[in-house]
Amino acid sequence: MNIKPTLLGHVGAVAGAAISVRLSPNVASGIAIIGGKSYRIGQVGSFVRIPQGYHDLYGIVAEVGANAAPATPQGQPEVSDRWMTIQLVGEIVGTSFERGISQYPNVRDEVHLVTEEDLAVIYGTQDGGQVLIGRLASAEGIPVRIDLDKLVTRHSAVLGSTGAGKSTTVSSLLRSIALGGDAEAAQGFPSARILLLDIHGEYGRALESVSTVFRINPNAGAGELPLHIPFWALDPAELLAFLMGKLDDKQLTQILDRIMDYKVKAVSAQPAPGLDVNSMTADSPSPYSLKKLWSELLDPEVRTWLDQQRLQPALDEAGDPQTLKAPKYRPHGAGSAAPFINQVGVLGIRRQLDQMRSRLLDRQYDFLLHPGDWEPDLDSQSLKGLPELLEAWLGHSKPITILDLSGIPSPVVARLIGAILRIIYEGLFWGRDKSEGGIARPLLVVMEEAHRYLSKDADGPAREMVQRIVKEGRKFGIGAMVVSQRPSEVDDTILSQCGTFVALRLSNSADRTKVQASLPDNLAGVIDSLPVLRVGEAVITGEAARLPIRCRITLPREEHRPNSEDPAVAKRWMGDRLPEDYGRLAASWRAQSPTWTTLRVIRTKLPQQEIEAMERELVVSSNVVSIGYEPTTSTLEVEFKNGVYQYYNVPDAMYQQLMAAASKGQFINTYIKPAYPCSRV
Ligand SMILES: Nc1ncnc2c1ncn2[C@@H]1O[C@H](COP(=O)(O)OP(=O)(O)O)[C@@H](O)[C@H]1O
Ligand SMILES: [Mg+2]
């Protein structure tokens, strides 16, 4: 019988931070039972302890078996497979764990298995500033917390193949920051400030109650706000490239001069605090009118003159900048006959102006080119300006801001992300000493699908902005969290500046190599486990983690998971078909809005007596109390725990399927709420 049940073996060789350990003859591989708990012996990625008198060294098992044996002097490996290689990671002095080691172990020092009690010393101490992220994969009783200061100021990356659990990890972690972990008496960080760039629109529901969602087609009933990104906050050269396409240098300079001119006039008429007219440049974020720009650029291109001196314009019908109507001039005559063509101020940009006009009329781009209260009038004055925009995004009462970019046409997403980051960065940078700045209230920017706009060869300003954030953001209180399924495509500078890595299952070997090269700790054995991690299991390593550990990320409750779940193919193909209506499918496409509903505006309520008359049937469900249906008007009435709602134009078959569905709440959330107009009774 082994007197020390945790003894695994003895140090056989020491080479830098790598230690070879000879397993004791009486250690059987498999499972050891210590203090009533079972431990798997010699698992790659598990911890070992090497007692050194006053303190304990901690290491992580990198390799087990014949390959782990040190080479003998003859150059032949020892013929034994009872070896382990350990990477030293830190030491415990007293009760606190410190990364890095103050001394190396000696040959023949004992090597012990790490028990739950030992791990509880490392993870259990809940000093301030820690957030719960999950539980140890090897011992689910032990919560894993990470250091919030380091996570934000040293930046982080959440990496993993599609479906490995990145979005779930992000929403679990953000919720834990906002509210505290599920298990403990909820105590989060109510003044947290997090900006999430939600490329697929999956977080709104998951972070409900702790976030404010901005999206292009907001669901006002759910408290969402319209997303406006005023075009005048973009770099004007960038914007012109989008609006007009190719421009040569002369054309570009002239147009930029004109924009500058509008801005100066607008600021002189209505000064903005802090803005000095003399030091303004064309890219100062100050409103100007695009409609006016378009009409003033167009006029010289199309104008003709009645007289050779070019004093009397041959105007048939004036244009209207407000409605983007072009002026009508009489066509110029042949040869030297009147009317005469214009020669002053002509840039030769007819085609570019036509493109600009169609962009301005394209409803897809309303959020950018006609941004609500941020749209300037023809005098370049807008109701709301930069302060209101910053306040809307950064100053609301919830800890998390979700900018849902899912409705934005993909060609412009990268450009817009650059613009958004620029607004945020410049604001917090220049305001760093104020109480709303980044030092008094730091900001974490979470970027989903980062490979799409932060790749090595991405054009647009996003990559440059994020490089600035990861290099200097720490000083101004801006942290970045980069989320990606293709780390090998993400810009090197950005990834290598991330101090903390949450690496989920990663099957592509190029991606793994990239992660390994960026990791702050030297952990070959752990990286090798990346392709075999389970869904929702991550290796967390780097500054914010106490030890590089394999962790099961807390799976949030069903209603707090991101909307990214895969369609249940077999189940849906097997079940009955739901009523279909391709008219509304086409309408959704035309309106570029997945939530488009027929008769969106007609919200006639049933007469009061009918409402009372509608019989509702009690149902068994966690949030639905009863359901009623009125076939002549196709009205479905649902009593939720928090109130009664009517849905209009709901086909009878849909109601039948709802009543047959196993989960009423889920059925309503998936098929009824997004598809039918509704009002509260
Ligand atoms: N920690 C977890 N535990 C259990 N299942 C999880 C966990 N994280 C994610 N999943 C499941 O895995 C699937 C994909 O998760 P998701 O976060 O969308 O992945 P990704 O963003 O990496 O593509 C979802 O169905 C989700 O419920
Ligand atoms: Mg995802």
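Thresholds applied
- Residues numbered from 1 in each chain as written.
- Chains lettered and ligands numbered in written order.
- Predicted model: local features only at pLDDT ≥ 70, side-chain atom pairs only at ≥ 80, totals over all residues.
- Helix = DSSP H or I, 4+ residues; strand = E, 2+ residues; numbered from the N terminus.
- Contact = placed C-beta atoms within 7 Å.
- Near = placed C-beta within 6 Å.
- Nonpolar A, V, L, I, M, F, W, Y, C, P; charged D, E, K, R; others polar.
- Pairing = 2+ DSSP bridges.
- Axes fitted to C-alpha atoms, helices over the stretch in contact; angles between N-to-C directions.
- Buried ≥ 20, exposed ≤ 12 C-beta atoms within 10 Å, placed from the backbone.
- Arc of directions from axis to C-beta.

Asks: I keep staring at the overall build of the protein chain and nothing clicks. Help me out?
Replies: Along its length, the protein chain carries 19 helices and 30 strands. Overall, the protein chain is about 110 × 70 × 45 Å in size when its C-alpha atoms are taken along their principal axes. By sequence separation, contacts in the protein chain at least 24 residues apart represent 67% of the contacts at least 6 residues apart.

Asks: Where do I start with the site of ligand 1 in this structure?
Replies: Around ligand 1, the structure places 16 residues, and the nearest of them are Gly165, Lys166, Ser167, Thr168 and Gly536. At three residues, the largest contribution of residues to the shell around ligand 1 is made by helix H3 (residues 166-179). Of the residues in the shell around ligand 1, the class split is five nonpolar, eight polar and three charged.

Asks: Explain the sheet that holds strand E30 (residues 678-680) to me, please; I cannot follow it from the model alone.
Replies: Pairing between the strands of a sheet comes from backbone hydrogen bonds, and it takes one of two forms, parallel or antiparallel. The five strands lie next to each other as E26-E27-E28-E29-E30, forming an open sheet whose pairing is antiparallel. Since the sheet does not close on itself, it has two edges, and those belong to strand E26 (616-618) and E30, each with one partner. Strand after strand, the sheet turns through a mean of 25° between neighbouring axes, direction not considered. Note that E26 and strand E27 (residues 624-630) share three bridges and pair antiparallel. The residue bridging arginine 616 from the neighbouring strand is glycine 628, located in E27. Along the sheet face, helix H19 (residues 664-672) touches E27, strand E28 (635-640) and strand E29 (643-647) and points at about 50° away from the line of E27.

Asks: Looking at this structure, I do not really get helix H9 (residues 386-394). What am I missing?
Replies: Quick reminder: α-helices carry 3.6 residues per turn. Residues three or four places apart thus point the same way. Turning to H9, its buried residues are Leu386, Leu389, Trp393 and Leu394. Seen along its axis, H9 keeps its buried residues to an arc of 105°; they face one direction. Buried residues along H9 sit against strand E13 (194-198), strand E20 (400-404) and helix H10 (410-430).

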